[in-house]
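Residues per chain, in single letters:
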Amino acid sequence: MQIGDKIDFGKYTWRVLDIQEDKMLIITEKIIDQRPYHEVYEDITWAECSLRHYLNHTFYDSFEEKDRARILTTTNENADNEWYGTKGGEKTQDRIFLLSMEEAVCKYFGDSSSKLYNPGKNQRYWFERKDMNNSKRTAYYKEGIWWWWLRSPGRVSVKAVYIHGDGNIGIQGNNIFKGNISEGKCRGGLRPALCLQL
């Protein structure tokens, strides 16, 4: 097993992001659903949002018992938004979770940390569209490319950071309830991640 490999676990195909001695971090290869980050339009962090509750209860419970036994509990740091200072909230104990902005930007889809920690004067909402790592972050929902949620807070606490359809980082965030309001009832893509015992 190597980083980048695809594996089948439960009902889904997953991509291996990291391997340690007795566990590996995996994320669904494709977007598996469209859901709001939170069911109410209010200030929220990952710790309290309805999407976290769904992943760690309904979604977790959908696995067979033998598979649930292999899903490890992960302690997640929830950093403040690097550009806007929006509070990320308390540490969480998660069986299943979303990646943070730092994980998606700096660790598992190439290293774009220079753009995160040294934004250019014109970078108010996005990373550069020509970021060489954008293509590594694109994901499909059904037959088309779609945007997907991260767990990090956006510009304000009613927004969460997301990966745009072209792989760019929407660091200002999308509306937690409906994505961008202009999108009507569209929902953000869901790519769960988990640590799996080897």
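Residues numbered from 1 in each chain as written. Predicted model: local features only at pLDDT ≥ 70, side-chain atom pairs only at ≥ 80, totals over all residues. Heavy atoms only, no water.

1. Considering helix 1 (residues 50-61)
Our working definition: Segments assigned H or I by DSSP are reported as helices when at least four residues long, segments assigned E as strands when at least two residues long, and all are numbered from the N terminus. The span expected for a helix works out to 1.5 Å for each residue beyond the first. Per-residue accessibility, obtained with a 1.4 Å probe over protein chains only, is compared with the maximum for each type, and a residue is labelled buried under 20%, exposed over 50%, and partly exposed between these values.
In a regular helix each residue adds 1.5 Å, so twelve residues correspond to 16 Å; helix 1 covers 16 Å between its end C-alpha atoms and thus fits that length. Within the span of helix 1, buried status applies to Ser50, Leu51, Arg52, Tyr54, Leu55, Asn56, Phe59 and Tyr60.

2. Overview of the layout of surface pockets
Put simply, the rule is: The definitions used throughout rest on a 1 Å grid laid over the protein atoms alone, on which a cavity is an enclosed set of points accommodating a 1.4 Å probe that cannot get out and a pocket is an open set flanked by protein within 12 Å on both sides along at least five of seven lines; lining residues are those having an atom within 4 Å of a point. Grid points are joined across faces, edges and corners, and a volume is the space filled by probe spheres set on the points. Residue type decides the class: Asp, Glu, Lys and Arg count as charged, Ala, Val, Leu, Ile, Met, Phe, Trp, Tyr, Cys and Pro as nonpolar, and the leftover types, Gly among them, as polar.
In this structure, the largest pocket occupies an estimated 210 Å³ of space. Residue classes in the lining of the largest pocket are distributed as six nonpolar, five polar and four charged.

3. Some points on the nonpolar core
Cut-off, in case you're wondering: Only buried Ala, Val, Leu, Ile, Met, Phe, Trp, Tyr and Cys residues count toward a nonpolar core, and they belong to the same one when joined by side-chain atoms within 4.5 Å. Here, residues are in contact when the closest pair of their heavy atoms is within 4.5 Å.
Among the nonpolar cores identified, the biggest contains 51 residues, and Ile26 and Tyr37 are the most heavily contacted of them. A total of five residues in this core trace back to one element, the largest contributor, which is helix 1. With residues near it in sequence (within four places) discarded, isoleucine 26 still touches Ile7, Phe9, Trp14, Arg15, Val16, Leu17, Pro192, Ala193, Leu194 and Leu196.

4. Some thoughts on the pairing of strand 3 (residues 23-28)
Put simply, the rule reads: Pairs of strands are assigned from DSSP output, requiring at least two bridges between the strands.
For strand 3, the buried fraction is high: five of the six residues fall into the buried class. Pairing of strand 2 (residues 12-19) with strand 3, which is carried by five bridges, proceeds in the antiparallel orientation. Across the sheet, the residue bridging to isoleucine 19 is methionine 24, located in strand 3. Once strand 2 ends, the chain turns through three residues before running back antiparallel as strand 3. By the bridge criterion, five bridges tie strand 3 to strand 15 (residues 193-197) in an arrangement that is antiparallel. Paired with lysine 23 across the strands is glutamine 197, a residue of strand 15.

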